[in-house]
There are 2 protein chains.
Amino acid sequence: MAHESPTFSPLYRQIRNLIVQALEAGEWQPGQAIPSEQELALRFGVSQGTVRKAIDELAAENILVRRQGKGTFVSTHQDPRAVFRFLRLKAINGGPVLPKSMPLECMRGKAGQEAARNLGIAPGSQIIIVRRVLKLEGKPVVIDEMYLPGDVFQGLSIEQLKDWQGSLYSLFESRFGVRMVRATEKVRAVAAERAVAEVLGVAENTPLLSVERVAYSYGDKPVEWRRGLYSTADHFYINELS
Amino acid sequence: MAHESPTFSPLYRQIRNLIVQALEAGEWQPGQAIPSEQELALRFGVSQGTVRKAIDELAAENILVRRQGKGTFVSTHQDPRAVFRFLRLKAINGGPVLPKSMPLECMRGKAGQEAARNLGIAPGSQIIIVRRVLKLEGKPVVIDEMYLPGDVFQGLSIEQLKDWQGSLYSLFESRFGVRMVRATEKVRAVAAERAVAEVLGVAENTPLLSVERVAYSYGDKPVEWRRGLYSTADHFYINELS
DNA sequence: TAGTGGTCTAGACCACTCC
DNA sequence: GAGTGGTCTAGACCACTAG
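Parameters at a glance
- Residues numbered from 1 in each chain as written.
- Chains lettered and ligands numbered in written order.
- Predicted model: local features only at pLDDT ≥ 70, side-chain atom pairs only at ≥ 80, totals over all residues.
- Heavy atoms only, no water.
- Domains from an automatic or database assignment.
- Contact = heavy atoms within 4.5 Å.
- Buried area = accessible area lost by both parts, 1.4 Å probe.
- Polar contact = N/O pair within 3.5 Å; in protein donor to acceptor, adjacent residues only side chain to side chain.
- Helix = DSSP H or I, 4+ residues; strand = E, 2+ residues; numbered from the N terminus.
- Nonpolar A, V, L, I, M, F, W, Y, C, P; charged D, E, K, R; others polar.
- Least-squares fit on C-alpha atoms with pLDDT ≥ 70 in both.

*Asks:* Describe the domain arrangement of chain A, naming the residues involved and giving the relevant values.
*Replies:* Buried accessible area, meaning the area lost when the parts come together, often serves as the stated size of an interface. Residue and element names in this part refer to chain A. Taken domain by domain, chain A consists of domain 1 (11-74) and domain 2 (80-237). Of note, the centres of domain 1 and domain 2, computed from C-alpha atoms alone, are 30 Å apart. Counting residues at the interface gives 11 residues for domain 1 and 5 residues for domain 2. For the pair domain 1 and domain 2, the summed buried surface comes to about 630 Å²; carbon and sulfur atoms form 58% of the total. Contact with domain 2 buries surface across domain 1, with Pro30, Asn62 and Ile63 losing the most and accounting together for 52% of the total. Inspection of the region where domain 1 meets domain 2 yields 1 residue pair in polar contact (both at pLDDT 80 or more). No other element matches helix H1 (residues 11-24), which puts 3 residues into the side of domain 1 that touches domain 2. Looking at the side of domain 1 that touches domain 2, its residues break down into 6 nonpolar, 3 polar and 2 charged.

Here it is as structure tokens:
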């Protein structure tokens, strides 16, 4: 039989995708439990083992979290432990410290070529630009500039950012239904310009990490492009290779 | 029943560890196939499904590689595709390019406090220090300084390093039986000192990435401590977050 | 005690590779 | 065609959590 379908995928992956679709549709909210494996097996008309393998994949991707004896839960950025899933910053002396976000600006604008390419939108589309400082132990360590698609984050304001207690991604999750699932970062070394140096409390031309990130939601949809400048006087960017 | 054994581990993990032990003992060499799941199941007296789950874990850790229809293989740094498993460097314009290693030095020395701590050996133990430059497309991009435990890498010489065609880790694997399995990297931004700047062909004080790595072999044994200085004029350090 | 996920088994069939 | 890993199923029992 000559069927040249590149669309074949095993049953468990189809189930995986059905679960992701239900998540996208908002059927189960972050932090909540999804139905048991038995129930899902019944619903999709497959065996429990197949559902299990689908959930295994989603758990490996940090989209779901299993808890023995309790159920399987939609992972959430509300969880304080989730903060360091995307923030690879550690203090040189001592472990991770909960960062505090200090919003500086929140402006409307139009997407340039680069922002459009990274966000997968048309040049000229409305975007929102957020600038903020991240403080660790009271000291400014990171200055971030974020580019967000305007249609997704409609209504985002500086007041909202200032009022929010918690991580930016937990705000995005609970106010805009946007759940960051994975990201790609490109790291380079750059010299601190005067304005940046002042904010971070370092000398002009001090070497800084430039961390450029594209973050994706379900279905590999890019929903954030950001560039951070990290002072690595007292901190480093940590990475596990395997 | 009050048994306070924290040593419990499921059968498939015990099988996993038995397979790792066999790998450590050199029963199967890098690049070679290990016995089929059926054979292993027979050998260990468990079902094929349990062996499968053990191999699943080892494949997720990149210690084994499955190939449908052919068998399961011991992963190897000889494979050119494996080079970028530990080298997170990409050209700003274009994809990855095969790097060329240029050894500069290979000296004997004694471990200081820091080297001893990172390598898990006694201060004063014999170590080998290797310095080399990594060239991409003919241009020097990285300068590395490596600290290796002397007992493991006995006999390593500058001639051997210069003669070797291939990655450093493939040399370690085939000549010393040392197989790097995972690593931790700490990234910071630093200014180029004069000597380094000259080697990398950049101006003095140019911001560089400082990448400090501890690499581990089977059983989480640290076998390499290195520090690399990366020029990010034409390249960046890439990282996937999830 | 009931319900959840976690482990383990056994067997069937599919997809891929090689001879 | 024979052998490998890949998928799918069904059922049993274990470990953990909660009421």
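*Asks:* Quick rundown of the relation of the copies chain A and chain B? Include the residues and the values.
*Replies:* Take chain A, turn it by 180°, move it 0.0 Å along the axis, and it overlays chain B with an RMSD of 0.1 Å. Taken together, these values place the two copies in the relation of a two-fold axis. Closest to the rotation axis within chain A is the C-alpha of Pro207 of chain A, separated from it by 2.5 Å. Most of the interface of chain A is mirrored in chain B, where 100% of its interface residues are also at the interface.

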